[in-house]
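Architecture at a glance
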Amino acid sequence: MSFLAIDIGNTRLKWALYASPQPGAVLLAHGAVFLETIETLADSDWRGLPAPHSVLGCNVAGDAVRRRVEEQLELWDQEPRWVVASSHAGGVSNGYDHPGRLGVDRFVALIGARSHMLQRAVAPAAPSAALVVMIGTAVTVDALDAEGRFLGGMIMPGHGIMLRALEGGTAGLRVPTGEVRDFPTNTSDALTSGGTFAITGAIERMHRHLAKKVGSSPLTLMTGGAAWKVAPTLELDHELVDSLIFDGMLSLQSHRLAL
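Everything in this summary refers to the structure shown in the same document. Numbering of residues begins from 1 in every chain and follows the order in which that chain's sequence is written. Local features in this predicted model are restricted to residues whose pLDDT is 70 or higher, and side-chain atom pairs enter the listing and the counts only when it is 80 or higher, whereas totals over whole chains, interfaces and linings include all residues. Neither water nor hydrogens contribute to the side-chain values; these are computed over all heavy atoms in the structure.

Here's the deal with the pairing of strand β11 (residues 219-223)
As a reminder of what qualifies: Each residue is assigned to one of three classes by its accessible area relative to the maximum for its type, calculated with a 1.4 Å probe on protein chains only: buried under 20%, partly exposed between the two thresholds, exposed over 50%. Here a helix means four or more residues in a row that DSSP labels H or I, a strand means two or more in a row labelled E, and each is numbered from the N terminus.
With 5 of 5 residues buried, β11 lies mostly within the body of the structure. The alternating pattern of β11 places Leu219, Leu221 and Thr223 on one face and Thr220 and Met222 on the opposite face, and all of these are buried.

Dropping the structure here:
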């Protein structure tokens, strides 16, 4: 009963093959490619893999990219299912004003976070809420309570978008790589520090909002391709969980099979 999970972001496609479609399943293989090289998957990364019994995907890159992935899945003559944000799935109640408009990657990450919360439910200090942070091309900071209700969240530009906006809107400004400093004394460090602290400041603000609402410090889970860059400057206890979206898809698939 092997299971292939596919996460298509704005820049890269990540995939993971599991021995079974359930939380905690053994990871058999995984990889990532840039969207420009999707057409190589069937002849490279996936060619030596055993055919999965089921495939579930999460896609924020649009229908054209989805169709390109489906063409590669013809290697196994496999019809994938694609997650769509809904009012309730995987133990998460979607509190968005229009549930279907919540980004599907955010929805699946919340389901992954819910799975992590349930795993900790037997611990003496079980978390009463979770803050779910994804840092990639964009940054999202979402709040989930102990009952699995999505309370709301923030969206902001990722570090790269911030820097490109400054470069495009400020005469003569170029954006070389800098370091994060408490007191930057050159333009490169000032730009890198400004973008990083804008992101961590938003995370810390939402953490305070959620802690005030639930009366205790929430579990903070971070994921996304640039999470590791931001994590060292975040002054909150947190966990880096690279597999958070895959964890959500495992939970979704196991719920579906249990019905």
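Concerning the packing of aromatic side chains
Heads up, the rule is: Here the aromatic set is Phe, Tyr and Trp, taking the six-membered ring for Trp, and pairing holds for ring centres within 6.5 Å; pairs whose planes are under 30 degrees apart are stacked, those over 60 apart are edge-to-face, and all others are tilted.
Under the defined criterion, the tally for this structure stands at 3 aromatic pairs. Grouping aromatic residues by their ring pairs yields a cluster made of Trp15, Trp46 and Trp76.

Some words on the sheet that holds strand β10 (residues 149-157)
Defined as follows: The criterion for strand pairing is that DSSP finds at least two bridges linking the strands in question. Contacts: residue pairs with any heavy atoms within 4.5 Å of one another. Angles here are taken between N-to-C directions and fall from 0 to 180 degrees, while the axes themselves are lines fitted to C-alpha atoms, restricted in helices to the stretch in contact.
In space, the 7 strands of this open sheet follow the order β6-β7-β10-β9-β8-β11-β12, with mixed pairing throughout. Looking at the sheet topology across the chains shown, the edges are occupied by β6 (88-89) and β12 (239-240). Strands in contact with helix α4 (residues 187-214) are β8 (129-135), β9 (138-145), β10 and β11; relative to β8, the strand with the most contacts, it is inclined by about 165°.

What about the side chain of Gln78?
Along the chain, Gln78 falls in the loop between α1 (63-73) and β5 (81-82). Beyond its immediate chain neighbours, meaning those up to four positions away, Gln78 contacts Pro52, His53, Ser54, Val55 and Leu73.

Observations regarding a negative patch on the surface
The following threshold applies: Excluding any residue in a salt bridge, patches collect residues exceeding 30% relative accessible area, merging like charges within 9 Å and nonpolar Val, Leu, Ile, Met, Phe, Trp and Tyr side chains within 5 Å. Using a 1.4 Å probe, the Shrake-Rupley method yields the accessible areas, and only the shown protein chains count as cover for residues. Throughout this description, the term salt bridge denotes a Lys or Arg side-chain nitrogen within 4 Å of a carboxyl oxygen of Asp or Glu. We treat Lys and Arg as the positive residues and Asp and Glu as the negative residues; His and chain ends play no part in the count. To locate a charge, take atom NZ for lysine, CZ for arginine, CG for aspartate or CD for glutamate.
A surface patch of like charges, here negative, comprises Glu71, Glu74, Asp77 and Glu79. Residue position: Asp77 is located in the loop between α1 and β5. When its relative accessible area of 71% is taken as the criterion, Asp77 is described as exposed.

Considerations on the pattern of salt bridges
Per the counting criterion, the structure on display carries 10 salt bridges. Between Arg66 and Asp63 there is a salt bridge whose closest N-O contact spans 3.7 Å. Placement of both Arg66 and Asp63 in helix α1 is noted, with a separation of 3 residues, approximately one turn of the helix. Taking relative accessible area as the criterion, Arg66 reaches 21% and is therefore assigned partly exposed. Residue Asp189 pairs with Arg181 through a salt bridge whose shortest N-O separation is 3.6 Å. Its relative accessible area of 43% is what places Arg181 among the partly exposed residues. Among the charged side chains, a salt-bridge network with shared partners connects Asp63, Arg66 and Glu70.

What about the nonpolar core?
Applicable threshold: Take the buried residues of types Ala, Val, Leu, Ile, Met, Phe, Trp, Tyr and Cys, join any two whose side-chain atoms come within 4.5 Å, and each joined set is a nonpolar core.
Membership of the largest hydrophobic core comes to 34 residues, with the highest contact counts inside it found for Val108 and Met249. Within the residue set of this core, elements represented by two or more residues are β1 (3-8), β2 (12-18), β4 (54-59), α2 (104-119), β8, β11 and α6 (244-258). Take this core: its biggest share by element is 8 residues, from α2. Ignoring sequence-local partners within four residues, the contact set of Val108 consists of Cys58, Val83, Leu244, Ile245, Gly248, Met249 and Leu252. The next biggest cluster of nonpolar side chains, apart from the first, holds 21 residues, and it includes Ile135, Ile203, Val230 and Leu234.

With respect to the layout of surface pockets
Filter applied, for reference: In the cavity and pocket records, a cavity denotes points on a 1 Å grid over the protein atoms alone where a 1.4 Å probe fits but cannot get out, a pocket denotes an open set with protein on both sides within 12 Å along at least 5 of 7 lines, and lining residues are residues with an atom within 4 Å of a point. Grid points are joined across faces, edges and corners, and a volume is the space filled by probe spheres set on the points. Polarity classes work like this: nonpolar for Ala, Val, Leu, Ile, Met, Phe, Trp, Tyr, Cys and Pro, charged for Asp, Glu, Lys and Arg, and polar for all others, with Gly in that last group.
Its boundaries defined by the atoms lining it, the largest pocket holds a volume of some 990 Å³. As for the largest pocket, its lining consists of 38 residues, and the residues nearest its centre are Ile135, Gly136, Thr137, Gly225 and Ala226. The biggest single contributor to the lining of the largest pocket is helix α3 (residues 159-169), with 5 residues. The class makeup of the residues in the lining of the largest pocket is 17 nonpolar, 13 polar and 8 charged. Taken as a whole, the second largest pocket encloses approximately 280 Å³ of empty space. Along the walls of the second largest pocket sit 18 residues, with Lys14, His30, Asp242, Ser243 and Phe246 positioned nearest its centre. Elements with a minimum of two residues in the lining of the second largest pocket: β2, β3 (27-34) and α5 (227-230). Per-element accounting of the lining of the second largest pocket gives the leading share, 5 residues, to β2.

Scope: geometric values only; no functional claims are made or implied.
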